[in-house]
Amino acid sequence: MESISVFEIIKVGIGPSSSHTMGPWNAASAFIRIIKRERSIEEVKEVFLEFFGSLAKTGIGHGTDIAGMLGLNGEDFKTIDTTKIDEKIEKIKSTQILNLGGEKEIPFIYGHHLVLNMKKSLEYHPNGMIFKAVFEDGTELVQDFYSVGGGFIMSQEKKSIQKHCVRTLYPCHKSSDIVKYCEKLGLKRISDLILINEESWRTPEETKAEALYIWQQIKECIYKGVNKEGTLPGGLNVTRRAAGINRKLLGDKIYKNKDEWFQQVVEAEENFTNINKWISCFALAVNEENASFGRIITAPTNGASGVIPAVLMYAQAFTEFTSEDDIVRFLLVAGEIGTLFKKNATISAAMGGCQAEVGVSSAMAAAGLTEILGGSVGQVLMAAEIAMEHHLGLTCDPIKGLVQIPCIERNTMGAIKAITAANIALESDPAKAKVTLDEVIQTMWETALSMNDRFKETSEGGLAIAVNVPEC
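An account of the accompanying structure is given in this report. Just so you know, these numbers come straight off a predicted model, no measurement behind them.

1. Section: the environment of I85
So, point 1. Note on placement: I85 falls in helix α6 (residues 85-95).
So, point 2. For I85, a relative accessible area of 2% puts it in the buried group.
So, point 3. As for I85 and L70, which are separated by 15 residues in sequence, their C-alpha atoms are 8.4 Å apart.
So, point 4. Discounting chain neighbours no more than four positions away, the residues touching I85 are I14, I66, L70, I80 and F293.

Written as structure tokens, this is what we have:
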């Protein structure tokens, strides 16, 4: 089994969904690379893209169709000006022309060249899609992809399309591996082991720099979220709430940029109620940005992107563990816990419900927080287990297929549970724990397999059908 870098689990992304937006976008970009490898862009006459299963059923709400078109158009979600997305899509639809790979203009009719097939699912995974290129000589190139969570994509042959999977010096595929290697190397902190393993991808200095870059992106995202009001796109008319909470908590305090804002947060009145409100505010801010095609940090998915930022911001604003080293260690441990779920269960709501997204992110955040608060190896893993244990069975039932209800509020709950799990673990003896992290991951996977498909990101069960929302 290959190892996964923590920065494949925690990374820069774009809303509203890692599996339904980033995954299809990555697949479209991969298909362009395949065309260039097998033939050339200049030889292409037409391209066709068909989405199946969950990708089709919630495709409009998740921007799956938008992601597919922009990916084929040669855009990169890490660098695209997110304020120009609507303009670019309208141009493709109105002109019926797509600039394939940014190199050749070809005919592209929405509904003909791009289809959302809601009646069929591909066998390997509910998030399936098929790309087809038709060349000038009449020959075709067909490739299927599957978006398996967190922006990861696979082919039907079950070969990972990701570029950065390698075998590390001390491969940790289960939590028992982490314990084994920490004991073998005499390491008291899990982050020390992860830092060693990350050298398979980059130097320790580069790893630290990447973690601090992510932290800056987290602050930027939260700052944007707490300064935007109005309603979210999609037709549900969900009101943004982070800005209102931020304004009430800061009162008349003035700030000019994210660093001045953060300092005001640190200096704000601290009591149990206010701190809890701030945690919710941080999570809401991120997920409101995510719901409006903003740039966020995928951790491990977009639907769960507010949990880790909220918990890390809480640690930086309201605890004494505020150094750059603490930020790095938090993210390294959180990311490594995410890899365990990715390899042994799933981080795709279409496969496992929301336990695979908010549940996993809560476990990741709990572990990261416990690490910097001085927890032992056992306590860190225990915190992750506690957080997931109390998300088991959580369904994914977004109303109208939008990552808004219940997704946005659910991130606030995941963040609070993560902090609670960390506090419990720090006051507990892991040797007396009845359930291990490996056991709860296996339980989560078995729960996912048993869960009715209606509750796996199809908008065909739960709140999605229980709540009567008029069509817009």
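2. Description of the sheet that holds strand β7 (residues 140-149)
So, point 1. Here five strands make up an open sheet; going across it, the order is β5-β2-β6-β7-β8 and the pairing mixed. The sheet is open, and its two borders are formed by β5 (114-117) and β8 (152-154), each paired with just one other strand. The sheet shows a mean angle of 25° between the axes of neighbouring strands, direction not considered.
So, point 2. Here seven bridges tie strand β2 (residues 44-52) to strand β6 (residues 128-135), and the two strands are oriented antiparallel to one another. Within the sheet, the bridge partner assigned to V44 lies in β6 and is F135.
So, point 3. Running at roughly 150° to β7, helix α2 (residues 18-38) makes contact with β2, β6, β7 and β8 of the sheet.
So, point 4. Packed onto the sheet, helix α5 (residues 64-72) meets β2, β5 and β6 and runs at close to 155° relative to β2.

3. Here's the deal with the packing of aromatic side chains
So, point 1. Tallied over the entire structure, the rule returns 11 aromatic pairs.
So, point 2. A centroid spacing of 5.3 Å and a plane angle of 55° characterise the contact between Y170 and Y181, whose relative ring orientation is tilted. Here Y170 is found in the loop between β8 and α7 (175-185), whereas its partner Y181 is found in helix α7, with 11 residues between them in sequence.
So, point 3. Its relative accessible area of 16% is what places Y170 among the buried residues.

4. Quick word on a nonpolar patch on the surface
So, point 1. A contiguous nonpolar patch, built from I405, L463 and V467 and spanning about 190 Å² of accessible area, is present on the exposed surface.
So, point 2. On the basis of relative accessible area, L463 is assigned to the partly exposed category, the value being 31%.

5. Quick look at the pairing of strand β1 (residues 11-14)
Along any regular strand, the residues point their side chains to alternate faces of the sheet.
So, point 1. Residues of β1 alternate between two faces, with K11 and G13 on one and V12 and I14 on the opposite face, all of them buried.
So, point 2. Direction of pairing for β1 relative to strand β9 (residues 295-298): antiparallel, over a ladder of four bridges. Within the sheet, the bridge partner assigned to K11 lies in β9 and is T298.

6. What to know about the pairing of strand β3 (residues 97-100)
So, point 1. What you see with β3 is a clean split: L98 and L100 sit on the buried side and I97 and N99 on the side with no burial.
So, point 2. Note that β3 and strand β4 (residues 104-107) share four bridges and pair antiparallel. Directly across from N99, in β4, lies its bridge partner E105.
So, point 3. Between the antiparallel neighbours β3 and β4 lie three residues, among them G101 with a positive phi of about 60°.

7. Quick look at unusual backbone geometry
So, point 1. The amide bond that connects G15 to the next residue, P16, takes the cis arrangement and shows omega of 5°.
So, point 2. With a phi close to 55°, Q96 is a non-glycine residue in the positive phi region.
So, point 3. Within the secondary structure, Q96 is located in the loop between α6 and β3.
So, point 4. Unusually for a residue other than glycine, K400 sits at a positive phi of about 60°.
So, point 5. Here K400 shows up in the loop between α17 (377-389) and α18 (407-426).
So, point 6. The partly exposed category is assigned to K400, whose relative accessible area is 29%.

Conventions adopted
Residues numbered from 1 in each chain as written. Predicted model: local features only at pLDDT ≥ 70, side-chain atom pairs only at ≥ 80, totals over all residues. Heavy atoms only, no water. Helix = DSSP H or I, 4+ residues; strand = E, 2+ residues; numbered from the N terminus. Buried < 20%, exposed > 50% of the residue type's maximum accessible area, 1.4 Å probe, protein only. Contact = heavy atoms within 4.5 Å. Pairing = 2+ DSSP bridges. Axes fitted to C-alpha atoms, helices over the stretch in contact; angles between N-to-C directions. Phe/Tyr/Trp six-rings, centres within 6.5 Å; stacked < 30°, edge-to-face > 60°. Patch = residues over 30% accessible without salt bridge, like charges linked within 9 Å, V, L, I, M, F, W, Y side chains within 5 Å. Areas by Shrake-Rupley, 256 points an atom, 1.4 Å probe, with all protein chains shown as cover. Salt bridge = Lys/Arg side-chain N within 4 Å of Asp/Glu carboxyl O.

Just distances and angles here, no functional claims.
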